[in-house]
Amino acid sequence: LQQWLVGQELFGAVSRQEAVSLAPVLALDVHPGHVVLDGCAAPGSKTRQLLDSISPNGALLAVEDHDVRIRALLHRLSRNAGSPCVAVLHAQLQWLPLF
């Protein structure tokens, strides 16, 4: 079972995450069509869960300012390559303009 799960995760069919990453998504009650700002997006477990929740017609802006952590985020999101629902911004959240 473990070998199968690891293979499925590498393929992108399964994504493991801790409960702490799932709790914010459940608490926000995110649904398809919602627009979401993820201010501390890396390493990407919560971001992937958000993306799954808003697809196919929502929008997600994933913001991360740490150089090493953003690489992990981009790697995790690469399994959703081509998704029109997500944009990644390498910046500090406090410098974003108010919407």
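The preceding data block contains the structure.
Here is a short report on the structure shown in this document. (Residues numbered from 1 in each chain as written. Predicted model: local features only at pLDDT ≥ 70, side-chain atom pairs only at ≥ 80, totals over all residues. Heavy atoms only, no water.)

Further remarks concern the nonpolar core. Ranked by size, the top nonpolar core spans 14 residues in total, and within it Val30, Val36, Leu50, Leu51, Ile54, Leu60 and Leu73 carry the most contacts. Among the elements of the structure, helix H3 (45-54), strand S2 (59-64) and helix H4 (67-77) are those that each provide at least two residues to this core. When near neighbours in sequence (up to four residues on either side) are disregarded, Leu60 contacts Val36, Asp38, Thr47, Leu50, Leu51, Ile54, Cys85, Val86 and Ala87. (Core = buried A, V, L, I, M, F, W, Y, C linked by side-chain atoms within 4.5 Å. Buried < 20%, exposed > 50% of the residue type's maximum accessible area, 1.4 Å probe, protein only. Helix = DSSP H or I, 4+ residues; strand = E, 2+ residues; numbered from the N terminus. Contact = heavy atoms within 4.5 Å.)

Moving on to the pairing of S2. Looking down a regular strand, the side chains alternate between one sheet face and the other. Both strand S1 (residues 35-38) and S2 contribute to a ladder of 4 bridges, which runs parallel. Bridged to Val35 within S2 is Ala59. Handedness of the crossover joining S1 and S2 through H3: right-handed. (Pairing = 2+ DSSP bridges. Right-handed = clockwise from strand over helix to strand, strands pointing away.)

With that settled, the discussion passes to the sheet that holds S2. Within a sheet, neighbouring strands are paired by backbone hydrogen bonds and run either parallel or antiparallel to one another. One open sheet holds the 3 strands; their spatial order is S1-S2-S3, and the pairing between them is parallel. Each edge of the open sheet carries a strand with a single partner, namely S1 and strand S3 (86-90). In this sheet, neighbouring strand axes are inclined to one another by 15° on average, regardless of whether the strands run parallel or antiparallel. With respect to the sheet, H3 is in contact with S1, S2 and S3, its orientation differing from that of S2 by roughly 170°. H4 contacts S2 and S3 of the sheet and is inclined by roughly 165° relative to S3. (Axes fitted to C-alpha atoms, helices over the stretch in contact; angles between N-to-C directions.)

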